[in-house]
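# Remarks on the overall topology
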Amino acid sequence: MACWRRVWAALCVFGAVVPMAAQAVPLLKCHFEVNAARSEHSFSPTHDPYAVRSVDLENRFRFKAVVLGNDTQVDTINLYVSYQTERQPMVLQHVKFAAPVALKQPSPDALTGRVALYSPFLGKELLYGCALHEVAP
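Residues numbered from 1 in each chain as written. Predicted model: local features only at pLDDT ≥ 70, side-chain atom pairs only at ≥ 80, totals over all residues. Heavy atoms only, no water.

### Notes on the sheet that holds strand β5 (residues 74-84)
To be explicit about the condition: DSSP bridges decide pairing: two strands pair if at least two such bridges lie between them. Strands are runs of DSSP state E lasting at least 2 residues, helices are runs of H or I lasting at least 4, and numbering of each runs from the N terminus. The axes used here are C-alpha line fits, helices contributing only the stretch in contact, and every angle between their N-to-C directions lies in the interval 0 to 180 degrees.
Pairing is antiparallel across the open sheet formed by four strands, whose spatial order is β3-β4-β5-β6. What marks the edges here is a single partner per strand, and that holds for β3 (55-57) and β6 (89-98). Neighbour-to-neighbour, the strand axes of this sheet turn through a mean angle of 20 degrees, independent of strand direction.

Right under this line is the structure:
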């Protein structure tokens with residue numbers, strides 16, 4: 001035991017760098033389907049919710065994922081879905097997840113389940129699902 005203390009002290013004195021294990025980074029991945037058109041978008045954690053931009057989905061819907069946290073953990077996730085009217089977006093859904101856990105190999109809809117939303121006009125359908133992934137750096 002005393003031998004290890006001497007080695008550690010020597011490393012600290014001579015400025016040796018001890019490699020640290022890399023931590024996984026959380027990443028929200030969402031899959032969308034609008035009128036048989038499929039897409040996928042990823043969202044990283046942020047500290048500024050006002051800087052997050054919404055994603056256009058086939059000029060019908062808008063999706064905004066505000067992932068609040070840092071490079072190691074997510075505090076909250078707010079998902080907003082709007083229908084794009086002629087004048088402005090109309091909010092259809094707001095969902096909040098508190099302290100979600102990132103998974104190494106989640107199913108595509110592990111966080112939200114499979115969600116179906118319908119526009120108030122013309123009956124357009126949006127299907128989506130999201131999962132919080134633990135991504136190696």
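### Considering the nonpolar core
Formally: Take the buried Ala, Val, Leu, Ile, Met, Phe, Trp, Tyr and Cys residues and link them wherever side-chain atoms come within 4.5 Å; each set so joined is a nonpolar core. For every residue, the accessible area (1.4 Å probe, protein chains only) is compared with the maximum for its type, and the residue is labelled buried under 20%, exposed over 50%, or partly exposed between those bounds. The contact criterion used is simple: two residues touch if any of their non-hydrogen atoms lie within 4.5 Å.
If you look at the biggest cluster of nonpolar residues, it comprises 23 residues, and the most contacted ones within it are L28, F63, L79, L126 and Y128. Only β1 (25-34), β3, β4 (61-69), β5, β7 (115-118) and β8 (125-135) provide two or more residues apiece to this core. With five residues, the single largest contributor to this core is β5. Every residue in contact with L79, bar those within four places of it in the chain, is listed here: L28, F63, K64, A65, Q93, H94, V95, F97, T112, Y128 and C130.

### A short note on the sheet that holds strand β2 (residues 37-43)
The antiparallel open sheet is built from four strands, whose spatial order is β2-β1-β8-β7. Each edge of the sheet is formed by a strand with only one pairing partner; in this case those strands are β2 and β7. Between one strand and the next, the sheet's axes are offset by a mean angle of 25 degrees, whatever the strand orientation.

### Focus on the confidence of the model for the protein chain
As a reminder of what qualifies: On a scale of 0 to 100, pLDDT captures the predictor's confidence in every residue.
Scored by pLDDT, the protein chain has a mean of 86; 84% of the residues are at 70 or more. For the stretch residues 7-21, pLDDT sits under 50, and the model shows three contacts to residues farther than four places along the chain or on other chains.

### Some details on the packing of aromatic side chains
Heads up, the condition is: Any two rings among Phe, Tyr and Trp, with Trp reduced to its six-membered ring, count as a pair given centres within 6.5 Å; such a pair is stacked if its planes are under 30 degrees apart, edge-to-face if over 60, and tilted if neither.
If you walk through the whole model with that rule in mind, you get five aromatic pairs. Seen in terms of ring centroids, F32 and Y128 are 6.2 Å apart; in terms of plane orientation they differ by 35 degrees. Their pairing is tilted. Highlighted residues: F32 in strand β1 and Y128 in strand β8, separated in sequence by 96 residues. The buried category is assigned to F32, whose relative accessible area is 3%. Look at Y128 and you get buried, because its relative accessible area is 1%. When the ring of F61 is compared with that of Y83, the centres are 5.6 Å apart and the planes differ by 75 degrees; the resulting orientation is edge-to-face. Here the residue F61 occupies a position in strand β4, and Y83 occupies one in strand β5, the gap between them amounting to 22 residues. Judged by relative accessible area, which is 0%, F61 ranks as buried.

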